[in-house]
Amino acid sequence: MPLIRLQDIWRSYQMAAETVHALRGVSLSIERGEYVAIMGPSGSGKSTMMNLLGCLDTPTSGTYELNGTDVSHRDDNELAEIRNREIGFVFQTFNLLARATALRNVELPMVYAGVSPDERREKALVALAAVGLADRVDHRPNELSGGQRQRVAVARALVNSPSILLADEPTGNLDSKTGVEILALFDELASKGNTIIVVTHEEKVALHSRRIVRILDGNIASDEQVRRVEGRESRFEGKPAPDPSA
Amino acid sequence: MNFLSELREGLFIAWDSLRANKLRSALTTLGIVIGIVTVTLMGTALAGLNAAFLKSISAIGTDVFFVAPWQWFSDEPWWKMRNRRPILLADARALVRQTTFARATTIDASRRMTVRYRDLSATSVNVSGTTEGGAEVGGLVLKEGRFLSAAEVEGARPVCVIGADIAANFFPYESPLGKHLRVEDQNLEIIGVLEKRGSFLGMASLDNEVMLPVTKFVSDFSFRPPVMIRVKVRDLKEMDEAREEIRGIMRKIRHLAPGVPDDFAINEQAAFIQTFDRMNSVVAGAGLFITSLSLFVGGIGIMNIMFVTVAERTREIGIRKAIGAKRRAILTQFLLESALICLLGGLLGLAFAYPITLVMDRFMPAALSASLVGIALLVSVATGVIAGFLPAWRAAKMNPVDALRAE
Ligand SMILES: Nc1ncnc2c1ncn2[C@@H]1O[C@H](COP(=O)(O)OP(=O)(O)OP(=O)(O)O)[C@@H](O)[C@H]1O
Ligand SMILES: [Mg+2]
């Protein structure tokens, strides 16, 4: 059973004059543990698909099965619960709470899961240590660098042990060096068995994944495995990417 | 368990956001502050007036009938009752003799007069004639000496019992007993001094008083004055029978033919309380109106500022929803914030009202009661919840995709 199964997904927006079809019958399966990049030009429907995969939105028609259950027609509260349990988001603009410390930001998903304060704190500290921010837990976002902020966001996304890590242009607001660091973190997470879906328009970013799905005008244009690139390891300054064929 | 952790988070956020917007929160809460100040002061004043009234009214006694020509707080026009025949001493004595339900009775008449002792004088003293039953009916307690005896009343003896103020003013350093007061051309020997009694409804002092046998009063200070009879009933349960009996006796004494309406009245404490209650509810109604008006205005202000807050924090709402906050969690968060603003307004209102009640306490028994504090805080929280509901609901049902795209 695939982790994600989209079947003939349509997402249409009713505008005043016309109907915009952002997705036109997309079908796609993703297995547990895959590291997938979704690519496509601007306006092709990447974010729309991301919102559907992340249960932030529901399709106009078609079915979305997550972990074997149909989630395409759930109400607001049910979707919130699914997001809380199954999905970890990483956004281009970090989307941290500005007035809260790194620790509190990471605790947040557990607040809505009803985890006790002590356990919350403990798990959040572990998650922050895992992204290399053990010494920054009491900093607020404006006291952190862009890369550090995105690490906090990753820690927050992973703290509830979700089924999927969804990232929409995770390196879009970072300089190239910091972006590489975040991608290295993703590689490490993927090698540990996390399912990762990254939306990007950068070939370099997509090449970190093991499968690239290209979207054009709301349809899947191509869907192929990434071939090993010669000399790729050298770009990671001693942090080798895991073997995608392993 | 989930809800508890949402609640704790909500409180935390609310407090955090209040601290971030101190001035705005303070200005917003002004309407609530005014409302709470009004409601507490009004409540305290009413409670104080009530206490003062009940203390005064207890001097009348629940179980005492006042038989007089005129009705208290009557709806009948005064010019009709004015022409009623007075009750004369002989009639009063007949009534006292015939009534069977009385524990004690007394016949009273009084006038304001000037009282002298040596070269000291006091004007406008309440000089009253009474009988030996006066102490029991009026609940009088003697500090020194004794009250009038039956023999002294029967013999119209020139003796008197004086109030605490008279005693204090005329005899600051000596016992008044055995001294003689001069009222008009009569010398009255002081045989008793009353304990201090305070004032009636904050007006007439009950201690500026000289009491003498009513027989003496009628013969020397007044020509055929109207008198009043007070009847203290044996048992409160017999009030109705006693009233009927007194009425029958009075009608006979005054030779009223059957069918002719009474030309006298049997008054009791209940009439005072009724009138006071009516006045009370008018004042309370006005207070309630002012309070709800300012709370309403305050509530609108809160609602407005909460809409602004929700709009400003659209992005945050989107983040929280993406991370798994349900509608209930967002709703709770903003309701708590609005309730907290109002609660602080309420506390601020109480902080303003408290010193004012201390000042009020100099004029009447006014104390900020615990229940009033509770009501004030409850009302402010309720205002916050009601005013915050619409904005909070708007936040709760925001679409996460749109909210995340905000700014
Ligand atoms: N809320 C909306 N209302 C109307 N049309 C929308 C809405 N959201 C997206 N669209 C339309 O759907 C199409 C796909 O949009 P989407 O945001 O998914 O593109 P994208 O691939 O993420 O583009 P980009 O790379 O620029 O972010 C676009 O034509 C867009 O105009
Ligand atoms: Mg997009």
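Each chain has its residues counted from 1, running along the sequence as written. Chains and ligands are labelled sequentially in the order written, the chains with letters from A and the ligands with numbers from 1. Selection of residues for local features in this predicted model requires a pLDDT of at least 70, selection of side-chain atom pairs for listing and counting requires 80 or more, and totals for whole chains, interfaces and linings are taken over all residues. Excluded from the side-chain calculation are hydrogens and water; included are all heavy atoms of the structure.

Below, the discussion takes up the overall build of chain A. Assigned secondary structure in chain A consists of seven helices and 10 strands. At 18 Å, chain A has a C-alpha radius of gyration in line with the 18 Å of a compact globule built from 246 residues. In terms of overall dimensions, chain A has C-alpha extents of about 50 × 45 × 35 Å along its principal axes. Think of it in three bands: residues with accessible area under 20% of the maximum for their type are buried, residues over 50% are exposed, and the middle band is partly exposed, with areas taken using a 1.4 Å probe on protein chains only. The buried share of chain A, reckoned over its 246 residues, is 53%. Secondary structure is summarised from DSSP: a helix means a run of H or I of at least four residues, a strand means a run of E of at least two, and numbering begins at the N terminus for each. Restricting the calculation to C-alpha atoms gives the radius of gyration, and the globule rule supplies 2.2 Å times the number of residues raised to the power 0.38.

Taken together, Tyr13, Met15, Ala22, Pro41, Ser42, Gly43, Ser44, Gly45, Lys46, Ser47 and Thr48 of chain A together with Arg405 of chain B form the complete shell of residues around ligand 1. Pairs of N or O atoms within 3.5 Å make up the polar contacts considered here, provided that, within protein, one atom can donate a hydrogen while the other can accept it, and that residues adjacent in sequence are counted only when both atoms are side-chain atoms. At 2.5 Å from an oxygen atom of ligand 1 is found a side-chain nitrogen or oxygen belonging to Ser42 of chain A. In terms of residues, the shell around ligand 1 owes the most to one element, helix H1 (residues 46-53) of chain A, which gives three residues. Amino acid classes used here: Ala, Val, Leu, Ile, Met, Phe, Trp, Tyr, Cys and Pro are nonpolar; Asp, Glu, Lys and Arg are charged; the rest, including Gly, are polar. Classifying every residue of the shell around ligand 1 gives four nonpolar, six polar and two charged. Residue proximity to a molecule or strand is established when one non-hydrogen atom of the residue lies within 4 Å of it.

Let's shift gears to the packing of aromatic side chains. For any two aromatic rings, the description comes down to two numbers: the centre-to-centre distance and the angle of the planes. Each aromatic pair joins two rings of Phe, Tyr and Trp (for Trp, the six-membered one) with centres within 6.5 Å, and gets the label stacked for planes under 30 degrees apart, edge-to-face for over 60, and tilted for any other angle. By the definition in use, this model includes six aromatic pairs over all chains. Here Tyr117 of chain B and Phe170 of chain B contribute two aromatic rings whose centre-to-centre distance is 6.5 Å and whose plane-to-plane angle is 25 degrees, an arrangement assigned as stacked. Of this pair, Tyr117 of chain B sits in strand E2 (residues 102-117) while Phe170 of chain B sits in helix H8 (residues 164-170), placing them 53 residues apart in sequence. Phe170 of chain B matches Tyr117 of chain B in its accessibility class, with the two residues each being buried. Following the ring pairs from residue to residue traces out a cluster consisting of Tyr117, Phe170 and Phe171 of chain B. Here the guanidinium or amino end of Arg104 of chain A rests over the ring plane of Phe12 of chain B, the centre of that ring lying 3.9 Å away. Geometrically, a lysine NZ or arginine CZ counts as sitting over a ring once it is within 6 Å of the ring centre and also within 35 degrees of the ring normal.

Okay, the domain arrangement of chain B next. Domain start and end points were adopted from an automatic or database domain assignment. Once the domains are mapped, chain B shows domain 1 (3-56 + 273-405) and domain 2 (64-267). Placing a centre on the C-alpha atoms of domain 1 of chain B and another on those of domain 2 of chain B gives a separation of 54 Å.

It is worth spelling out the nonpolar core at this point. What makes a nonpolar core is a set of buried Ala, Val, Leu, Ile, Met, Phe, Trp, Tyr and Cys residues whose side-chain atoms join them at distances within 4.5 Å. Ile4, Leu6, Met49, Leu53, Tyr64, Leu66 and Ile164 of chain A are the most contacted members of the largest nonpolar core, which totals 68 residues. Examining the composition of this core, we find that nine residues originate from one element, helix H13 (residues 327-360) of chain B, more than from any other. By the convention used here, residues are in contact when the closest approach between their heavy atoms is within 4.5 Å. In this structure, Ile4 of chain A is in contact with Leu28, Ser29, Ile30, Leu53, Tyr64, Glu65, Leu66, Ile164 and Ile197 of chain A, ignoring residues within four places of it in sequence. Of all hydrophobic cores here, the second largest spans 46 residues; its members include Leu89, Val125, Leu256 and Ile266 of chain B.

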